[in-house]
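Residue-level structure breakdown
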Number of protein chains: 2
Amino acid sequence: MATPLYLDHNATAPLGPGVLQSMLPFLEQQHFNPSGDYGPALEVRAAIEGARREMANLVGAAPRQIAFTSGGTESTHAAFHYALDVESPQDRAVVVSAVEHSATKGAAKAWQGRGFEVCSLDVNTSGQVAKETLERVLADKRPTLVSTILANNETGVIQHIHGWAELIHAAGAHWHVDAVQAPGKLALDAPALGADWISFSGHKFGAPKGIGALFTRKDSSSPSWLVGGGQEHGKRGGTENVAGIIGLGRAAKNALEQVQDRAGLIELAHSRDELEAHILEGVPGSRVHGSQSPRVPNTTQLFLPGCPSEILLPLLEAKGVLASAGSACDATHHAPSEVLMAMGCTPEEAACSLRISLPFHFDPEARTQAACAIVEAANLLAVHNPQ
Amino acid sequence: MATPLYLDHNATAPLGPGVLQSMLPFLEQQHFNPSGDYGPALEVRAAIEGARREMANLVGAAPRQIAFTSGGTESTHAAFHYALDVESPQDRAVVVSAVEHSATKGAAKAWQGRGFEVCSLDVNTSGQVAKETLERVLADKRPTLVSTILANNETGVIQHIHGWAELIHAAGAHWHVDAVQAPGKLALDAPALGADWISFSGHKFGAPKGIGALFTRKDSSSPSWLVGGGQEHGKRGGTENVAGIIGLGRAAKNALEQVQDRAGLIELAHSRDELEAHILEGVPGSRVHGSQSPRVPNTTQLFLPGCPSEILLPLLEAKGVLASAGSACDATHHAPSEVLMAMGCTPEEAACSLRISLPFHFDPEARTQAACAIVEAANLLAVHNPQ
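Summarised in this report is the structure supplied together with it. Owing to the predicted nature of the structure, the values given are computational and were not obtained by experimental measurement.

1. Section: the environment of Leu7(B)
Residues and elements named next belong to chain B. Take Leu 7: it is sitting in the loop between β1 (5-6) and α1 (19-27). Note: C-alpha distance between Leu 7 and Ser 357 (350 residues apart in sequence) is 5.2 Å. Those residues in contact with Leu 7 that sit more than four places away from it in its chain are Val 321, Leu 322, Ala 323, Arg 355, Ile 356, Ser 357, Leu 358, Pro 359, Phe 362 and Ala 370.

Given below as structure tokens:
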């Protein structure tokens, strides 16, 4: 059987160019503990600092503002910890948007269990939080932390969050941004954004699974997230995932090149738009979620009437196309997407939605193959499930 | 220059036989997110479960009792979270031995910051907590959690902890055991030990850095440690470090073979003893820390009078021998070992101590090279630093 066409890059991306090669020396001869006190250990430490510079460069930060973690979920939990562990929950709120990833919802729930009120920021049908919505919640509650996603993992919708830092800080709250889906798709200037913490996950942009990063705007007196051997400048203890960090450094370099390649990003968005056009034309009643919003160029999520993803996805797989209903982290639950319902979809519409997330280079043959497979499968299903 | 003789295996071990080979497919073609809903993702999920069985086999546990984490520090913090997050700190204590790794001390300190009293269990000059010491602390305090190290990372001393589970549980407390230094060196039967949680770190036994495991005796109603996509049966959210997990599975298989190779372990202990004898004979006034206790067979920590490790270690490195003063996680601080001071050493004695931790196969030529280098360097120093 031919290699399937992998269109689930928002779930996880394969290792990028040069990433495995950069990791191998640190899995083989350079196996030393970076906390060791001899020359070869110092070389490993220096390599980690090189990777930190690459990650910092990607987001316009200083290296000391970057700490490595085990992934996006840990980064988000660390940010919540920094913001909330020193606070009394009495009458204080944690504010998260209605379209957050399960890691953010989970972190909020954990702190709800410790006494914080959790409030949701509603989104409109384009997946955007209106500025007035944020202002109202900031005025009505006493938020300690606001957490919002930058580029939605399902729809690709990019929040209009410029100017939010001032609002949130003026209300006395901290701001965490989940930018897990941004690297390589969206130019990032972390200091200009003004968020206190920004979470990243390596495997979403060509580093291996199990490594992530957290940007911190300024040093605080918060206690360490994991307290141990003082690694990561005391911010996150535990022997470093050296090979993962080196791979993330290389992937960050690749991601920066990608976002600097304006023509490449435009071509990718064009390719995505062509794919959408082909499907919209071929599947009566279909529509694109969040199409009124700016979106990252590799992502589309479509409503396909009469096509429950539980049935559509195996049909597509049989045709050699691997895609998803929405978040991979929720894929095994088979519940309709909360993101789409927050954007006004009915549970039925949400359940009949397909997420396609493309690689940076997506050639026209693959596009045609994908579009034809999706149109055929959707029409086959629609015949049997008339609306 | 010849490859240095690496005698710091307790800081981190190189990848074991077959480990990198087992990981490579999951860094290359099998890059899928294990939460994906298509065949190739299910294969990745199945491979993770295979690795979980290997880790479970190593410690005599059921696979569902094993959750993967990013390492020993995270495992320990997760155990503390499970034990303490649902408790009110009012008048409750966390009890840790005086010879714990910085990860455990750090976790205790974090919970001290949340209102728990932290009590220390003193050790004798052999590095052992007397049973009466434990009984007294359990009677005097209202402990919620007791955390003890099984095999000490510096001295290799194995605590006599059999029978402790009953005492600790009878006092209404939970028990966490840091077994990070045990795999491959010590046969483990996690259920028989009776601890509620046991922490492991992959890179200490031939898996890569950045992956660990936590044994949990029984399901509890505690909230998830990292809450997110429901991975690790809801115990630890976040996309799995797939390649790390697969590598850990293979390393666990190797470690089980090692501990089942009784002759090999005896030979290793013999080799370590010969090395010690050579040094004790060659360095007047030297002695082995914890020599009255059972110790893991690859570890020795010696007091070498007049030989501050800050000076001795670079001398040894120049002679092609890489070793350490004690914990790698504390190596960059250059403070005298708290473990040794808890065992009755003066700060000067602790500062003049050398840890040597051997690979499983340590040939006589390497032993002679190491012993001669240490004796020469120590005598050179002693001439200039007469006691």
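Back to the write-up after that little detour.
2. Points about the sheet that holds strand β4 (residues 117-121) of chain A
Within a sheet, each strand pairs with its neighbour through backbone hydrogen bonds, oriented either parallel or antiparallel. All names here are of chain A. Within the open sheet, the seven strands sit side by side as β2-β8-β7-β6-β5-β3-β4. Their pairing is mixed. Each edge of the open sheet carries a strand with a single partner, namely β2 (66-69) and β4. Each adjacent strand pair in this sheet contributes to an overall mean axis angle of 20 degrees, direction not counted. Across four bridges, β2 lies against strand β8 (residues 212-216) in antiparallel orientation. Its bridge partner being in β8, Ile 66 is matched across the sheet by Phe 215. Along the sheet face, helix α5 (residues 131-140) touches β3 (93-97), β4 and β5 (143-149) and points at about 160 degrees away from the line of β4.

3. Observations regarding the environment of Glu376(A)
Here Glu376(A) is to be found in helix α13 (residues 364-384). Spatially, the C-alpha atom of Glu376(A) lies 46 Å from that of Gly194(A), the residues being 182 residues apart in sequence.

4. A closer look at the sheet that holds strand β4 (residues 117-121) of chain B
Residues and elements named next belong to chain B. Judged by pairing direction, the sheet is mixed, and its seven strands sit side by side in the order β2-β8-β7-β6-β5-β3-β4 without closing on themselves. Every other strand in the sheet has two partners, leaving β2 (66-69) and β4 as the edge strands with one partner each. Pairs of neighbouring strands in the sheet enclose a mean axial angle of 20 degrees, with direction left out of account. As judged from the five bridges shared by strand β3 (residues 93-97) and β4, these two strands associate in the parallel manner. Looking at the pairing, Ala 93 lines up with Glu 117 of β4. The strands that helix α3 (residues 72-84) touches are β2, β3, β5 (143-149), β6 (174-178), β7 (197-201) and β8 (212-216); relative to β7, the one it contacts most, it runs at about 165 degrees. Contacts from helix α4 (residues 102-112) reach β3, β4, β5 and β6 within the one sheet, and its direction differs from that of β3 by about 160 degrees.

Calculation rules
- Residues numbered from 1 in each chain as written.
- Chains lettered and ligands numbered in written order.
- Predicted model: local features only at pLDDT ≥ 70, side-chain atom pairs only at ≥ 80, totals over all residues.
- Heavy atoms only, no water.
- Helix = DSSP H or I, 4+ residues; strand = E, 2+ residues; numbered from the N terminus.
- Contact = heavy atoms within 4.5 Å.
- Pairing = 2+ DSSP bridges.
- Axes fitted to C-alpha atoms, helices over the stretch in contact; angles between N-to-C directions.

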